[in-house]
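# Summary of structural features
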Amino acid sequence: MPGLSLALPLALLLQASAPAAPPSPAEIVAAAPASAWIDIPADEILVMDLRGDRRVVIRLAPAWAPAHVANIRALAAARHWDGQAIARVQDNYVAQWGATGAERPLPPGIAAAPPAEFDRPAGGIVYRPLPAPDAYAPATGHSADGWPMARDATAAWLPHCYAMVGAGRELAPDTGSGAELYAVIGHAPRHLDRNLALVGQVIAGIEHLSALPRGTGPLGFYATAAEQTPILRVRSGEAVPGLPRYQFLDPTSAPFAAYAQARANRRDPFFNRPSGGADICNVPVPIRARP
């Protein structure tokens, strides 16, 4: 078959000369050198253990909400959440836990009315901006300390992306003590930005919150205590034996720049048409347990 003997080498030649497929975001992150990863301090970690051997690991944001985070650390040290429960799971919105001061008195030394840490001065914050326009802020990007952020000319704030953790509150001017917390488990409710204090982000185990049964009462609250998921304990990362050391990919590094570009312009083989942009919540900061 003379045709076959000619066609096969030609096909092999074309295959060999074809450009390599661009790496996916996951491949870029996996290839990032150790120098591009930054350790998260153990005192920025909060560990919540739920019934059924389910662990939720939260990174706290003391630079963004220092008074609320101080309260949260003190509440964990006082074992305030032990024996409480996940009391609300609203579909495409939030999972919420903890009790207000009226339901369970706050331990001594807890600020019941901390400042409204809904944003902070933008001056001096080092961040990598995203080029895509944003519907909720003049600019967005990632701060050098590993957080998604939005900003205007004078202020910067954390956005309500998936897995972000905030302090529940009543009506203004109440700011919430931090005893009642929620995690975003649905499409980013960015209309909440600058209206509540965001205090951190779930960095491991978000599935243990997002996969919970939805509440049967108004706003996703459980109608009965039997429906709630009990909290066994909440501890600072420093107090949890054997906890992995977590790291984030440095937003000022070259691998992060390549990762963010790939998230906005997917060119790996599955994609026929790159989107040409990505909003801040679609470029999550990569987190890993240190090898």
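Residues numbered from 1 in each chain as written. Predicted model: local features only at pLDDT ≥ 70, side-chain atom pairs only at ≥ 80, totals over all residues. Heavy atoms only, no water.

## Considering the confidence of the model for the chain
In this model, the chain carries a mean pLDDT of 93, and residues with pLDDT of at least 70 account for 92%. Counted against residues more than four places away or in other chains, residues 1-6, with its pLDDT under 50, gives 1 contact. (pLDDT = per-residue confidence, 0-100. Contact = heavy atoms within 4.5 Å.)

## Let's talk about the sheet that holds strand S9 (residues 148-151)
Within the open sheet, the 5 strands sit side by side as S6-S10-S9-S8-S7. Their pairing is antiparallel. Single-partner strands in this sheet number two, and they are strand S6 (120-121) and strand S7 (127-129). (Pairing = 2+ DSSP bridges. Helix = DSSP H or I, 4+ residues; strand = E, 2+ residues; numbered from the N terminus.)

## What about the nonpolar core?
Membership of the largest hydrophobic core comes to 40 residues, with the highest contact counts inside it found for Ile45, Trp64, Leu158, Tyr246 and Leu249. Secondary structure elements with two or more residues in this core: helix H2 (25-31), strand S2 (45-50), strand S13 (198-204), strand S15 (246-249) and helix H5 (254-264). Top element by residues in this core is H5. It accounts for 5 residues. Here leucine 158 is in contact with Ala61, Trp64, Trp147, Pro148, Met164, Asp193 and Leu198, once residues within four sequence places are set aside. Judged by nonpolar contacts, the second largest core, of 32 residues, contains Ala76, Val165, Ala167 and Leu212. (Core = buried A, V, L, I, M, F, W, Y, C linked by side-chain atoms within 4.5 Å. Buried < 20%, exposed > 50% of the residue type's maximum accessible area, 1.4 Å probe, protein only.)

## So, the side chain of arginine 151
With respect to the helices and strands, the residue arginine 151 is situated in strand S9. For the buried residue arginine 151, which engages in no salt bridge, the nearest side chain bearing the opposite charge is aspartate 152, 6.2 Å off. What arginine 151 contacts, discounting residues up to four positions off in sequence, is Ala122, Tyr127, Ala137, Pro138, Ala139, Ala156 and Trp157. (Lys, Arg positive; Asp, Glu negative; His and termini not counted. Salt bridge = Lys/Arg side-chain N within 4 Å of Asp/Glu carboxyl O.)

## Quick notes on the pattern of salt bridges
Overall, the coordinates contain 13 salt bridges when judged by the stated rule. Between arginine 214 and aspartate 91 there is a salt bridge; the shortest N-O distance is 3.1 Å. Highlighted residues: arginine 214 in the loop between helix H4 (207-210) and strand S14 (229-236) and aspartate 91 in the loop between strand S4 (85-89) and strand S5 (94-97), separated in sequence by 123 residues. The class for arginine 214 is partly exposed, based on a relative accessible area of 29%. Notably, a salt bridge pairs arginine 194 with aspartate 152, separated by 3.3 Å at the nearest N-O pair. Here arginine 194, found in the loop between strand S12 (181-184) and S13, pairs with aspartate 152, found in the loop between S9 and strand S10 (155-157); they are 42 residues apart in sequence, far enough to count as distant. When its relative accessible area of 22% is taken as the criterion, aspartate 152 is described as partly exposed. Three or more residues are tied together by salt bridges with common partners; here these are Asp39, Arg245 and Arg290.

## Digging into the pairing of S14
Pairing geometry for S2 and S14, over 5 bridges, is antiparallel. Directly across from aspartate 49, in S14, lies its bridge partner arginine 233. For S4 and S14, the ladder comprises 2 bridges, and the chain directions are antiparallel. Directly across from alanine 85, in S14, lies its bridge partner proline 230.

## Some remarks on the packing of aromatic side chains
One pair of aromatic rings is described through two measures. These are the centre distance and the angle between the planes. Tallying each qualifying case throughout the model produces 2 aromatic pairs. An angle of 65° between the planes, with centres 5.5 Å apart, marks the rings of phenylalanine 256 and tyrosine 259 as edge-to-face. Of this pair, phenylalanine 256 and tyrosine 259 both sit in helix H5, 3 residues apart, which is roughly one turn of that helix. Neither phenylalanine 256 nor tyrosine 259 differs from the other in exposure class; each is buried. Ring geometry for phenylalanine 270 against phenylalanine 271: centres 5.3 Å apart, planes inclined by 80°, an arrangement best described as edge-to-face. (Phe/Tyr/Trp six-rings, centres within 6.5 Å; stacked < 30°, edge-to-face > 60°.)

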